Amino acid sequence: MVGVATSKRCDNCRKRKKKCGEQRPSCAECIRSGWGCPGHLRFQSETLCASLLLQICELAVNVDKGKWSDLARGTAQLIQARGVHRYTDGFDLGMLESQLSYIVVQSAKSREDCFLHQPEWRVLLTTTSSWPSNAITPTELKSLKLRVELCSQLFQLPSILEEASSYDNRPSGSTSALDPILTNKTHRMYSNMKIWLHHAVEPHLISTPSNTTHDTIKYPDTIAGVVDCVANTTLLTLDKLLCLLYHGNISTHPINTLASPATVENWYRRASTAFEFVQTESTFAAKPLGIGISQFQSSIPKPLAMMNA
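Please read all numbers here as calculations on a predicted model, not as lab measurements.

(A) Spatial organisation of the layout of surface pockets. Roughly 1,000 Å³ of volume is contained in the largest pocket. Of all the elements in the fold, those that place two or more residues in the lining of the largest pocket are α3 (45-61), α4 (65-82), α5 (90-98), α6 (100-110), α8 (138-154), α11 (222-247) and α13 (283-299). When residues in the lining of the largest pocket are grouped by element, the largest group, eight residues, is from α13. Of the residues contributing to the lining of the largest pocket, the split by class is 30 nonpolar, 12 polar and one charged.

(B) Broad picture of the nonpolar core. Membership of the largest hydrophobic core comes to 60 residues, with the highest contact counts inside it found for Leu116 and Trp196. No other element matches α11, which puts 12 residues into this core. Taken domain by domain, this core gets at least three of its residues from each of domain 1 (12-17 + 38-54 + 70-130) and domain 2 (137-165 + 180-208 + 216-298). Core analysis: the next-biggest nonpolar cluster, separate from the first, contains six residues, Cys20, Cys27, Cys30 and Cys37 among them.

(C) Quick look at a nonpolar patch on the surface. Judged by side-chain polarity, Leu53, Ile56 and Phe284 come together as a nonpolar surface patch covering roughly 290 Å² of accessible area. Mapped onto the elements, isoleucine 56 comes out in helix α3.

(D) Quick look at the packing of aromatic side chains. As enumerated under the stated definition, the model contains four aromatic pairs in all. Seen in terms of ring centroids, tyrosine 87 and tryptophan 121 are 5.7 Å apart; in terms of plane orientation they differ by 55°. Their pairing is tilted. With tyrosine 87 in the loop between α4 and α5 and tryptophan 121 in helix α7 (residues 119-124), this residue pair connects regions lying 34 residues apart in the sequence. Under the relative-accessibility criterion, tryptophan 121 is labelled buried at 3%. Plain terms: the ring middles of tyrosine 219 and phenylalanine 277 are 5.2 Å apart, the flat faces sit at 40° to each other, and that makes the pair tilted. In this pair, tyrosine 219 sits in the loop between β2 (216-218) and α11 while phenylalanine 277 sits in helix α12 (residues 261-281), placing the two residues 58 residues apart along the sequence. For tyrosine 219, a relative accessible area of 8% gives the class buried.

Conventions adopted
Residues numbered from 1 in each chain as written. Predicted model: local features only at pLDDT ≥ 70, side-chain atom pairs only at ≥ 80, totals over all residues. Heavy atoms only, no water. 1 Å grid on protein atoms, 1.4 Å probe; cavity = no way out; pocket = protein on both sides within 12 Å on 5 of 7 lines; lining within 4 Å. Points joined across faces, edges and corners; volume = space filled by probe spheres on them. Helix = DSSP H or I, 4+ residues; strand = E, 2+ residues; numbered from the N terminus. Nonpolar A, V, L, I, M, F, W, Y, C, P; charged D, E, K, R; others polar. Core = buried A, V, L, I, M, F, W, Y, C linked by side-chain atoms within 4.5 Å. Buried < 20%, exposed > 50% of the residue type's maximum accessible area, 1.4 Å probe, protein only. Domains from an automatic or database assignment. Patch = residues over 30% accessible without salt bridge, like charges linked within 9 Å, V, L, I, M, F, W, Y side chains within 5 Å. Areas by Shrake-Rupley, 256 points an atom, 1.4 Å probe, with all protein chains shown as cover. Salt bridge = Lys/Arg side-chain N within 4 Å of Asp/Glu carboxyl O. Phe/Tyr/Trp six-rings, centres within 6.5 Å; stacked < 30°, edge-to-face > 60°.

Written out as structure tokens, the structure is:
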């Protein structure tokens, strides 16, 4: 697995055992000495690309979830260690975008804040990579943009889940320890996700009338299926989480959803349908999606995991 450097000195200063000011793009020592400053080789684009290729190879030749997860965690650490200033062109931005969801999952699994929620990273992600027109269709481009928008909404989720874990053993019906800040933050994310799903994602999907009570959803491409699966799974989790915050331990409380039963059923159906579609379309997309959902479920408070099983 690609390691993360313990020093940010450029390679010239490291080899010559000089003190490096770590300025970017060229450090003061290299400028003073007339050297071309290469930066740190471990932080160069090629290194990150190699880490991503290792992840792809692991998906292709191995079914060991632990090894792939370790690679994804190492890549996330490398992305953070490189710093915001290194993502200046389409190639680097594209590599960053490909890892957004994995970074969120790794943060949730580690029960730590997601660094992508920091202002400088959020500003960076308002600039999407430029895909060549001959390599991607307008529909696929829309799906990619929706994926970035989805991940941007998920950056706050790891910290919410970590804070909510303290409510696992709260007696049913107890509201004395209710944290209004956490509750409002969770409710805001819940509301924003519902609005975004309805106004941004659903118009991108193909809905056709059927003989059943539900319209048939068809996905224009694999990424759209991934987005719909993750978005609906997130809504299910946030709904249960709000019940936990409002009512105590939801595994024992009779009120276990905030949304109507029909709405919750629709979220379950959509998440399941989307995952089945992704499985049919792409093994490479289905494997990390399945692993990510599994890891995400293992990171949430136990009452939620019981309700979402």
